[in-house]
Amino acid sequence: MRERDNVDLIVVGAGIAGLTAALSAAAAGLRVVVLNKGPRWRADRGEQSTSTFYAQGGIAVVEPDNPEDSIDLHVSDTLAAGAGLTDVHATRPIIADGWPAITELVARGAEFDRDADGSFRRTREGGHSVRRIIHSGGDATGAQVQRALGQMMTASLNSALTCIDDAVVTDLLIADGTVVGAAYRTPDSGRVRVIYAPTVLLATGGAGHLYAATTNPAGATADGIALALRAGAHVADLEFIQFHPTMLYLPGARGRRTLISEAVRGEGGRLVDARGESVTAGIHPMGDLAPRDVVSRAVQASMQASGDDCVYLDISEVDDFERRFPTVTAGLRAAGIADGHVPQRIPVVPGAHYLCGGVVASPSGQTSVPGLLVAGEVARTGLHGANRLASNSLLEGLVMGRNAAGVAIRRTGLPVADVSPPEVEDRPAMDRKVLQDLMSGKVALARSAAGLAETAAALLAAPNRAMTTVGDLEDAALTLTARAVVAAALAREESRGCHSRVDFPALDALDGVATSRVFNFDGQTVRPIVEAVCV
Ligand code: SIN
């Protein structure tokens with residue numbers, strides 16, 4: 001028998017979900033390999049490859065001794081934001097596990113902003129009825145979490161916990177319908193290598209680079225969705241792509257653009273048009289702090305009405321902006337917007353920010369394929385429904401990472417079949433710029449049957465390409481995922497949450513029940529999930 005690399009758990013991805021799972025599993029004695037598409041985390045690196053690093057606002061969590069808050073209230077805010085598709089059976093345990101998970105994160109070295117008495121400072125964001133979002137370094141929460149987990153990972157590396165950087169996974173290995181390992185490439189080896197394990201966890205983040213401009217880092221190219229689909233897993237709710245209402249506007253800029261945290265509005269920022277009129281007046285009782293889909297549509301409607309290219313975030317009422325929001329301030333400076341002081345009005349537009357759907361999974365990350373787990377943005381647990389509540393994403397990644405480690409612990413010792421990795425075959429891959437422009441034009445905040453059908457046809461015609469570089473693999477992942485997004489958007493003949501159809505502007509609230517559709521690799525509906533009551 002040839003020599004095999006065997007471990008107990010393979011983790012693909014090195015953000016909050018992946019590193020939490022890796023550290024938890026290693027602490028329980030498992031042999032763990034992390035396959036990290038990016039370079040090794042380093043404290044002095046201003047740019048990092050994970051979406052976690054760029055998260056600003058914070059982590060939504062109910063502190064047990066906060067008399068104003070409760071698990072019930074957080075669940076109810078999450079359901080309201082999710083526009084009828086949030087699964088309460090997944091939501092409650094994820095939210096209830098938030099506090100123990102945060103306590104563990106703090107024990108791993110994460111520091112949060114605190115008042116003089118040691119209690120966590122809390123802010124508010126869209127859709128939250130109370131101040132429950134804990135943060136770090138003002139608006140550098142994700143960077144803090146990445147630092148804590150990255151440092152602990154580096155300190156914990158040994159023969160049982162390894163991290164392979166710049167590693168791109170080409171395929172999952174499958175034997176008799178069970179995932180038994182992963183094949184990957186690194187630039188220095190060039191050739192495909194294989195690791196076997198009874199459990200593979202995809203914690204690969206999101207898909208922001210389906211669009212020309214996004215708040216996501218360059219690696220957010222839907223890799224995990226594509227790997228899971230090719231392994232036979234099911235996806236759902238992919239039509240719900242959340243556009244953040246306040247991404248920095250720079251004429252013509254593409255790729256990752258600076259996010260202006262929703263917490264700015266939580267601290268008094270106001271969305272106004274060029275004439276200083278409120279963008280959200282009369283639209284929702286929560287005004288500028290309405291759920292994100294509502295605010296993004298209001299921004300878009302204001303821009304359409306005025307013909308302007310952006311609206312403005314008026315920060316004149318925000319105390320000590322540069323100290324409270326150092327990450328935003330640095331982003332504005334880097335973009336040449338704030339040479340001296342930050343301007344009182346920051347130009348903003350909605351930007352692709354978060355994939356609410358993903359690979360169908362339990363709160364512990366279990367998918368329809370044995371041996372395959374998912375955690376974080378790549379997963380669809382039902383927590384986010386049709387529109388994610390702000391700052392529930394780091395919470396979900398953290399809780400699912402812990403839970404997934406528990407599943408991996410239970411699966412340790414299961415037999416792992418020996419299969420050879422397939423050759424990396426040619427795959428349909430559209431030119432990235434063409435794909436992004438199509439998705440930005442036809443599959444963004446306003447969609448129609450005609451635009452979706454045009455996009456579907458173009459995606460279907462994508463030529464096969466040899467998978468030579470990381471960029472080729474990413475383009476193929478984007479193409480496959482875009483097909484699935486468009487199939488889901490075509491199938492949903494209503495407007496709900498982040499999905500707006502100009503040809504079906506109303507909710508389809510049949511009998512007060514809303515339905516998620518589960519899709520397979522071919523873009524076919526496998527089954528509906530009917531479990532949510534419209535709110
Ligand atoms: C933000 O800081 O506005 C982003 C938080 C989130 O996406 O949950």
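Structure's up top.
Okay, so let's go over this structure. Because the structure is predicted, anything quoted here is derived from the model rather than measured.

Strand order in the open sheet formed by five strands is S6-S2-S1-S10-S19, and the pairing between neighbours is parallel. On the outer flanks of this sheet lie strand S6 (161–164) and strand S19 (372–374), each paired with one strand and no other. Direction aside, the axes of adjacent strands within the sheet are offset by 20° on average. Direction of pairing for strand S1 (residues 9–12) relative to strand S10 (residues 199–202): parallel, over a ladder of four bridges. Note that in S10 the partner of Val11 across the bridge is Leu201.

Right, let's get into the environment of Leu438. Note that Leu438 resides in helix H13 (residues 432–442). Note on Leu438: relative accessible area 14%, which makes it buried. Considered as a pair, Leu438 and Val424 are 14 residues apart in the sequence and their alpha carbons are 27 Å apart. Excluding residues that lie within four positions of it along the chain, Leu438 makes contacts with Met430, Val443, Glu454, Thr455 and Ala458.

In this section: the layout of surface pockets. One simple way to see leftover space: roll a probe sized like a water molecule over the atoms. In this structure, the second largest pocket encloses a volume near 520 Å³. Only strand S13 (241–248), helix H9 (292–306), strand S17 (345–355) and H13 provide two or more residues apiece to the lining of the second largest pocket. Among the residues making up the lining of the second largest pocket, the classes are represented as 16 nonpolar, five polar and three charged.

In this fold, Gly205 is placed in the loop between S10 and strand S11 (213–214). Between the C-alpha atoms of Gly205 and Leu383, which are 178 residues apart in sequence, the distance is 16 Å. In this structure Gly205 touches Glu377 and Val378, once residues within four positions along its chain are discounted.

Near the ligand, the surroundings consist of Gln56, Gly57, Glu125, His244, Leu259, Ser261, Glu262, Arg292, His353, Arg388, Ala390 and Ser391. One of the backbone nitrogen or oxygen atoms of Glu262 is found 2.6 Å away from an oxygen atom of the ligand. The side chain of His353 places a nitrogen or oxygen atom 2.6 Å from an oxygen atom of the ligand. Summarising the interface, the protein chains cover 95% of the accessible area of the ligand, which totals 260 Å² for the free molecule.

Before going further, it helps to spend a moment on the pattern of salt bridges. Using the criterion set out here, one finds 36 salt bridges in the structure. Here Asp72 ties to Arg92 by a salt bridge, and the two come within 2.9 Å at their closest N and O atoms. Placement of Asp72 in helix H3 (residues 71–81) and of Arg92 in helix H4 (residues 88–96) is noted, with a sequence separation of 20 residues between them. Note that Arg324 and Glu267 form a salt bridge whose closest N and O atoms lie 3.7 Å from each other. A residue pair is termed long-range when its members are at least 10 positions apart, and Arg324 in helix H10 (residues 321–324) and Glu267 in the loop between helix H8 (263–266) and strand S15 (270–272) qualify at 57 residues. Residue classification places Arg324 among the buried residues on the basis of a relative accessible area of 11%.

Moving on, we get to helix H6 (residues 141–156). Taking 1.5 Å as the rise per residue, H6 with 16 residues should run 22 Å; its terminal C-alpha atoms sit 23 Å apart, in good agreement. Where H6 is concerned, the buried positions are Thr141, Gly142, Gln144, Val145, Gln146, Ala148, Leu149, Gly150 and Met153.

Further remarks concern the side chain of Thr186. If you trace the backbone, Thr186 turns up in the loop between strand S8 (178–185) and strand S9 (193–196). On the accessibility criterion, Thr186 (10% relative accessible area) is buried. Apart from residues no more than four positions distant in its own chain, Thr186 is found in contact with Ile164, Asp165, Asp166 and Ala167.

Here we take up empty space enclosed by the protein. Evaluation of the coordinates by the stated rule reveals three cavities of 30 Å³ or more. Taken as a whole, the largest cavity holds about 160 Å³ of empty space. Lining the largest cavity are 16 residues, and of these Ala14, Leu19, Asn36, Trp41 and Gln146 lie nearest its centre. Looking at the lining of the largest cavity element by element, the count peaks at four residues for H6. The class makeup of the residues in the lining of the largest cavity is seven nonpolar, seven polar and two charged. By volume, the second largest cavity amounts to about 60 Å³. For the lining of the second largest cavity, the element with the highest residue contribution is S17, accounting for four residues. For the lining of the second largest cavity, the class distribution of residues is seven nonpolar, three polar and one charged.

The next subject is the packing of H4 against helix H5 (residues 98–107). Where H4 contacts H5, the axes come no closer than 4 Å and their chain directions differ by 35°. Judged by residue contacts, Ile94, Ile95 and Ala96 of H4 engage Gly98, Trp99 and Pro100 from H5. A class-by-class count of the residues in the contact of H4 with H5 yields five nonpolar, one polar and no charged.

Spatially, the three strands line up as an open sheet ordered S7-S8-S9, and their pairing is antiparallel. Because the sheet does not close on itself, it has two edges, and the strands there are strand S7 (168–175) and S9. Taken over all neighbouring pairs, the strand axes of this sheet differ in orientation by 30° on average, direction set aside. Two elements, S8 and S9, share four bridges in a ladder whose sense is antiparallel. Bridged to Ala182 within S9 is Ile195.

Here we take up the packing of aromatic side chains. Applying the stated criterion across every chain, the model contains five aromatic pairs. For the ring pair Trp99 and Phe120, a centre distance of 6.0 Å and an interplane angle of 80° mean the geometry is edge-to-face. In this pair, Trp99 sits in helix H5 while Phe120 sits in the loop between H5 and strand S4 (122–123), placing the two residues 21 residues apart along the sequence. On the basis of an interplanar angle of 90° and a centroid distance of 5.7 Å, the ring pair of Phe112 and Phe120 is categorised as edge-to-face. Each of the two residues, Phe112 as well as Phe120, counts as buried.

One non-glycine residue, Asp176, adopts positive backbone phi at about 50°. The phi dihedral of Asp237 is positive, around 60°, even though this residue is not glycine. With respect to the secondary-structure elements, Asp237 resides in the loop between strand S12 (235–236) and S13. Here Asp237 falls in the buried class, since its relative accessible area comes to 2%.

Thresholds applied
- Residues numbered from 1 in each chain as written.
- Predicted model: local features only at pLDDT ≥ 70, side-chain atom pairs only at ≥ 80, totals over all residues.
- Heavy atoms only, no water.
- Pairing = 2+ DSSP bridges.
- Helix = DSSP H or I, 4+ residues; strand = E, 2+ residues; numbered from the N terminus.
- Axes fitted to C-alpha atoms, helices over the stretch in contact; angles between N-to-C directions.
- Buried < 20%, exposed > 50% of the residue type's maximum accessible area, 1.4 Å probe, protein only.
- Contact = heavy atoms within 4.5 Å.
- 1 Å grid on protein atoms, 1.4 Å probe; cavity = no way out; pocket = protein on both sides within 12 Å on 5 of 7 lines; lining within 4 Å.
- Points joined across faces, edges and corners; volume = space filled by probe spheres on them.
- Nonpolar A, V, L, I, M, F, W, Y, C, P; charged D, E, K, R; others polar.
- Near = heavy atom within 4 Å.
- Polar contact = N/O pair within 3.5 Å; in protein donor to acceptor, adjacent residues only side chain to side chain.
- Areas by Shrake-Rupley, 256 points an atom, 1.4 Å probe, with all protein chains shown as cover.
- Salt bridge = Lys/Arg side-chain N within 4 Å of Asp/Glu carboxyl O.
- Expected span 1.5 Å × (residues − 1).
- Phe/Tyr/Trp six-rings, centres within 6.5 Å; stacked < 30°, edge-to-face > 60°.

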